Amino acid sequence: MKAARTKTPRKPVLKKSSNTNLKDPVGVYCRVRPLSVQDQECCIEVISETTVQIHPPDGYRIFRNGEYRETQYTFKEVFGTLVTQKALFDVVARPLVEDLIRGKNGLLFTYGVTGSGKTHTMTGSPGDGGLLPRCLDMIFNSIGPFQAKRFVFKLDDKNGVDVQCEVDALLERQKRDAMPIPKTPSGKRQIDPEFADMISVRDHCKVEEVEEDNVYSVFVSYIEIYNNYIYDLLEEVPFDPIKPKPPQSKVLREDQNHNMYVIGCTEVEVKSTEEAFEVFWRGQKKRRIANTQLNRESSRSHSVFMIKLAQAPLDADGDNVLQEREQITLSQLSLVDLAGSERTNRTKAEGNRLREAGNINQSLMTLRTCIEVLRENQMYGTNKMVPYRDSKLTHLFKNYFDGEGKVRMVVCVNPKAEDYEESLQVMRFAEMTQEVEVARPVDKPLCGLTPGRRFRNQAFKDELSRRLEIRGGPIGGETEEQSVTEILLQNFPPLPSCELLDVNDDQTLPRLIEVLEKRHRMRQMLSEEFTKNVLAFKTMLQEFDSSIVSKENYAQGKLTEKEKMIAGQKMEIERLEKKTKTLEYKIEILEKTTTIYEEDKRNLQQELESKSQKLQRQASDKRRLEARLQGMVTETTMKWEKECERRVAAKQLEMQNKLWVKDEKLKQLKAIVTEPKNEKPERPSREKDREKVFQRSVSPPPAPTAPPVRLRHRRSRSAGERWVDHKPPSNVPTETVMQPHVPHAITVAAANEKALAKCDKYMLTHQELASDGEIETKLIKGDVYRTRGGGQAVQFTDIETLKQESPTGRKRRSSTSSPTPPEDAAESEWTDVETRCSVAVEMRAGSSLGPGYQHHAQPKRKKP
């Protein structure tokens with residue numbers, strides 16, 4: 001009689017919010033590839049187990065404005081050039097395989113520039129398998145004796161899994177075997193020698209603690225992302241030599257658990273490492289690679305090899321799989337080999353290669369942008385949208401970064417000097433990726449059944465077979481029962497012959513009666529014994545029934561107690577759940593309040609920072625304005641001081657000139673008055689003036705000697721100053737007695753900045769033809785100033801005029817007819833007094849440098 005099967009408790013609903021506070025950073029590891037040439041220049045050096053240093057190669061700073069700086073980057077662990085694939089696997093991939101068997105997801109991808117050893121790290125080489133074959137080997141070493149038969153687990157089209165009984169699985173296997181489709185490789189087949197060395201791993205590593213009451217099945221799929229399109233590398237397309245059909249791209253979808261998957265992707269159930277790697281190698285041959293200037297076999301697409309592990313518990317008998325979909329756990333490990341980032345000016349890519357490189361760089365840039373936004377949201381509390389949908393690569397693995405599994409990255413770098421700039425960008429991205437934290441996945445719940453039921457069922461079967469072997473088995477028992485019946489029948493006395501040959505035969509009947517009586521007695525004895533045995537057996541059955549009833553009553557009592565206890569525990573659980581809900585509600589309110597306070601705090605901090613910056617700007621503007629006003633006050637003060645000094649000097653000079661004119665007039669008047677009027681002087685001719693310049697008149701010697709002395713005294717104003725005497729080469733030399741002369745002057749033919757920088761005064765000698773046909777010489781004077789731009793400027797102050805006139809043809813005229821003596825002298829009649837005055841002094845009021853010069857003030861400032 002088979003015991004009634006107990007109902008398996010339902011799987012409790014998991015709340016993702018219960019584990020959101022537990023986060024792990026993305027694990028980033030660095031692997032340095034050995035140099036292909038031993039004497040090649042190297043730009044990357046391993047400093048310690050966690051630090052690597054990168055420095056610019058020789059001659060690099062010549063082309064980069066002299067910048068030369070060594071930079072160090074820190075990772076979770078750094079693997080040098082001598083590291084083995086086994087050591088790398090134990091640190092990086094082994095924890096992911098352990099999580100896979102425990103029902104958790106994982107993502108492992110290799111990142112780096114082209115030719116840095118990413119594919120070698122993931123796949124490996126003959127005799128030294130990479131991360132992928134070692135992961136497969138560890139999985140099958142761990143679940144080997146607990147694998148389910150084929151088609152017990154069946155994947156659906158919505159990223160889910162169903163379980164079916166042994167009969168349905170057998171029918172499915174027979175149906176698949178009858179179909180003319182390529183079958184999955186069997187584990188007993190001979191391994192392809194092309195990849196046999198890659199999977200001949202002798203380490204035999206496995207997970208120590210495996211759930212022994214579960215059954216497992218492994219499904220693998222292989223896709224590539226080429227030019228931002230997804231292609232199935234395991235899809236079997238019928239070959240058409242006339243019109244070959246191109247592969248169709250696949251579409252991403254989101255399942256009911258918000259996980260991304262590729263719809264219509266081929267997923268193969270495998271039962272051994274060899275079988276799984278043969279499926280991988282079949283897809284690897286279809287992957288797109290090309291020859292570039294930097295890599296002979298450069299990957300032109302991102303490849304994703306996905307390993308799905310379906311597991312479900314056994315029933316209470318430990319014999320068959322539990323037929324409940326809620327108890328199935330589906331975990332996934334994605335192994336990604338990213339295509340290398342490259343610069344087209346180095347790879348010399350053209351046409352399709354150029355387009356492929358552009359799409360590769362664009363997808364990697366999108367990955368970098370997503371990592372940066374995630375980092376910014378976590379560090380600064382922002383809520384920016386992560387652009388997962390900008391690339392198929394980031395969209396496919398969105399759920400991993402949202403907390404559906406552990407993420408690890410292996411950064412592969414080539415230390416040669418030519419890859420310095422690309423390696424620098426890779427290092428910066430990898431170090432930034434470590435700052436991103438991913439929510440830790442929750443543990444799967446227990447199924448509620450008694451542990452160890454598989455081995456108890458197996459032990460029961462072994463013991464039953466052992467006892468049957470001891471007893472001879474079921475067939476031997478039936479033979480024994482038949483032989484006992486035959487022996488019992490043989491013990492009956494044999495019947496004598498019943499044939500009567502004679503009427504008078506009186507022996508045959510008595511013998512027959514005797515034998516029948518004996519048989520009757522034996523039958524009665526057997527019947528009595530049988531009745532006794534029946535009674536004994538009935539007694540035993542009654543005793544057994546009574547014992548069973550008592551045991552049932554006892555079990556019923558215990559069951560009632562247990563039910564009461566369970567009811568109490570349920571009530572306690574309900575109370576605790578209500579309390580938990582209340583606490584969760586309070587926690588949620590507190591979290592919202594905390595979020596509001598943090599938001600207010602951030603706003604106040606931002607407002608405080610903006611106010612502080614505004615105050616700093618205002619203080620800076622105030623200081624700058626004060627400095628500017630101080631400069632303007634100083635400049636204005638200096639300007640007005642110079643202007644006052646100039647005006648005072650001009651006024652003093654004007655008063656001195658007036659006093660000098662008066663003194664000269666008085667002296668001339670005195671000379672005229674004291675001189676006897678006997679002789680009338682004759683006006684010299686122009687020819688004599690030219691022959692003898694000093695014989696201008698017959699007046700006494702004191703008159704002509706005074707002006708030159710006064711002229712020298714008048715120019716003593718410039719004794720301590722340097723002059724620039726600008727005399728153009730077109731000037732005509734005059735033969736006048738009074739010549740313009742400035743001591744210590746720099747004479748130039750054309751004004752230049754060098755001469756102006758050395759002097760304080762400037763004088764320009766200008767000649768022009770007067771209205772009477774005589775040459776008129778003008779001396780244009782000015783002050784030299786320095787400008788703010790570092791140049792020189794001239795401000796003209798006055799003009800002196802030197803003019804030579806002929807005294808012949810003049811008429812005598814009274815000197816009192818005009819207030820200006822020089823004009824009266826030119827227009828009046830010739831007299832002795834006027835002749836002497838015109839010969840001695842020819843000037844106007846306000847003259848600055850003595851006789852023969854005219855003065856006109858020029859207030860305007862002009863540049864030379």
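Caption draft 1: Quick peek at the overall build of the protein chain. When its secondary structure is counted, the protein chain shows 19 helices and 28 strands. Expressed as a percentage of the 864 residues in the protein chain, the buried residues total 37%. Across the protein chain, contacts joining residues at least 24 apart in sequence account for 70% of those joining residues at least 6 apart. Here the protein chain has roughly 54400 Å² of accessible surface; of this, 53% comes from carbon and sulfur atoms.

Caption draft 2: Focus on the nonpolar core. Membership of the largest hydrophobic core comes to 54 residues, with the highest contact counts inside it found for Phe 75, Ile 223, Leu 338, Phe 397, Val 407, Met 409 and Met 427. Residue contacts for Met 409: discarding those within four places in its chain leaves Gly 27, Val 28, Tyr 29, Phe 109, Tyr 111, Phe 429, Ala 430 and Thr 433. Grouped together as the second largest cluster of nonpolar side chains are 45 residues, Val 83, Leu 233, Phe 280 and Leu 309 included.

Caption draft 3: Local environment of the packing of helix α2 (residues 94-101) against helix α4 (residues 131-143). Axis separation between α2 and α4 bottoms out at 10 Å; the angle between their running directions is 40°. In terms of orientation, α2 and α4 fall into the oblique class. For the pair α2 and α4, the crossing hand works out as right-handed. Contact with α2, carried on its side by Arg 94, Val 97, Glu 98, Leu 100 and Ile 101, involves Cys 135, Met 138, Ile 139, Ser 142 and Ile 143 of α4 and no other residues of that element. Grouping the amino acids of the contact of α2 with α4 by side-chain chemistry returns seven nonpolar, one polar and two charged.

Caption draft 4: Representation of the pairing of strand β14 (residues 249-254) within the structure. Here two bridges tie strand β13 (residues 229-232) to β14, and the two strands are oriented antiparallel to one another. From the neighbouring strand, Ile 230 faces β14, where its bridge partner is Lys 250. Across four bridges, the pairing between β14 and strand β15 (residues 260-263) is antiparallel. By the bridge assignment for β15, Glu 254 is matched with Met 260. Between β14 and β15, which pair antiparallel one after the other, the connecting turn spans five residues, and His 258 there sits at a positive phi close to 65°.

Caption draft 5: Molecular detail of the environment of Tyr 216. On the secondary structure map, Tyr 216 appears in strand β12 (residues 214-226). The spatial distance from the C-alpha of Tyr 216 to the C-alpha of Lys 271 is 9.9 Å, given a sequence separation of 55 residues. Each residue touching Tyr 216, except ones within four places of it in the same chain, is listed here: Ile 101, Ile 143, Phe 146, Gln 147, Ala 148, Phe 153, Val 210, Glu 211, Lys 271, Leu 309, Ala 310 and Gln 311. One polar contact links the side chain of Tyr 216 to the main-chain carbonyl oxygen of Glu 211, over a distance of 2.9 Å.

Caption draft 6: Quick look at helix α6 (residues 273-284). Between its terminal C-alpha atoms α6 stretches 16 Å, which fits the 16 Å expected from twelve residues at 1.5 Å a residue. Within the sequence span of α6, burial applies to Thr 273, Glu 275, Ala 276, Phe 277, Val 279, Phe 280, Trp 281, Gly 283 and Gln 284. Looking at the packing, one finds that the buried side of α6 touches α3 (118-123), α4, β12, β16 (268-270) and β19 (302-313).

Caption draft 7: Inspection of the sheet that holds strand β3 (residues 44-46) at higher detail. Within the open sheet, the three strands sit side by side as β3-β4-β5. Their pairing is antiparallel. Because the sheet does not close on itself, it has two edges, and the strands there are β3 and β5 (71-74). With strand direction ignored, the average angle separating the axes of adjacent strands in the sheet is 25°. Sheet topology note: the strand β4 (residues 51-54)/β5 ladder contains four bridges and is antiparallel. Note that in β5 the partner of Ile 54 across the bridge is Thr 71.

Caption draft 8: Examining the packing of helix α1 (residues 85-92) against α4 more closely. One way to put it is that α1 packs onto α4 with a least axis distance of 10 Å and a crossing angle of 65°. α1 and α4 meet at a crossing whose hand is right-handed. Judged by residue contacts, Gln 85, Lys 86, Leu 88 and Phe 89 of α1 engage Leu 131, Arg 134, Cys 135 and Met 138 from α4. For the contact of α1 with α4, a count of residues per class yields five nonpolar, one polar and two charged.

Caption draft 9: View of a nonpolar patch on the surface. Together, Phe 460, Leu 464 and Leu 468 make up a nonpolar patch on the protein surface, roughly 290 Å² of accessible area in all. With respect to the element layout, Leu 468 can be found in helix α12 (residues 453-471).

Caption draft 10: Main features of the packing of aromatic side chains. Following the criterion strictly, the structure yields nine aromatic pairs and no others. Geometrically, the ring pair formed by Tyr 222 and Phe 305 is edge-to-face, given 5.6 Å between the ring centres and 80° between the ring planes. You can see Tyr 222 sitting in strand β12 and its partner Phe 305 sitting in strand β19, a full 83 residues away along the chain. Taking relative accessible area as the criterion, Phe 305 reaches 1% and is therefore assigned buried. Consider the rings of Phe 277 and Trp 281, whose centres lie 6.1 Å apart with planes at 25°: the pair is stacked. Taken as a pair, Phe 277 and Trp 281 lie in helix α6 at a separation of four residues, close to a single helical turn. Summarising the burial analysis for this pair, Phe 277 and Trp 281 share the class buried. What links up through ring pairs into an aromatic cluster is the set Tyr 222, Phe 277, Phe 280, Trp 281 and Phe 305.

Caption draft 11: Representation of the pattern of salt bridges within the structure. With the rule as written, the count across this model stands at 32 salt bridges. A salt bridge links Arg 282 to Glu 236, with the shortest nitrogen-to-oxygen separation between them at 3.8 Å. Of this pair, Arg 282 sits in helix α6 while Glu 236 is found in the loop between β13 and β14, placing the two residues 46 residues apart along the sequence. In this structure Arg 282 comes out as partly exposed when scored by relative accessible area, which is 30%. The class for Glu 236 is partly exposed, based on a relative accessible area of 47%.

Procedures and definitions
Residues numbered from 1 in each chain as written. Predicted model: local features only at pLDDT ≥ 70, side-chain atom pairs only at ≥ 80, totals over all residues. Heavy atoms only, no water. Helix = DSSP H or I, 4+ residues; strand = E, 2+ residues; numbered from the N terminus. Buried < 20%, exposed > 50% of the residue type's maximum accessible area, 1.4 Å probe, protein only. Contact = heavy atoms within 4.5 Å. Areas by Shrake-Rupley, 256 points an atom, 1.4 Å probe, with all protein chains shown as cover. Core = buried A, V, L, I, M, F, W, Y, C linked by side-chain atoms within 4.5 Å. Axes fitted to C-alpha atoms, helices over the stretch in contact; angles between N-to-C directions. Parallel < 35°, antiparallel > 145°, perpendicular 65-115°, else oblique. Left-handed = near helix turned anticlockwise from the far one by under 90°. Nonpolar A, V, L, I, M, F, W, Y, C, P; charged D, E, K, R; others polar. Pairing = 2+ DSSP bridges. Polar contact = N/O pair within 3.5 Å; in protein donor to acceptor, adjacent residues only side chain to side chain. Expected span 1.5 Å × (residues − 1). Patch = residues over 30% accessible without salt bridge, like charges linked within 9 Å, V, L, I, M, F, W, Y side chains within 5 Å. Salt bridge = Lys/Arg side-chain N within 4 Å of Asp/Glu carboxyl O. Phe/Tyr/Trp six-rings, centres within 6.5 Å; stacked < 30°, edge-to-face > 60°.

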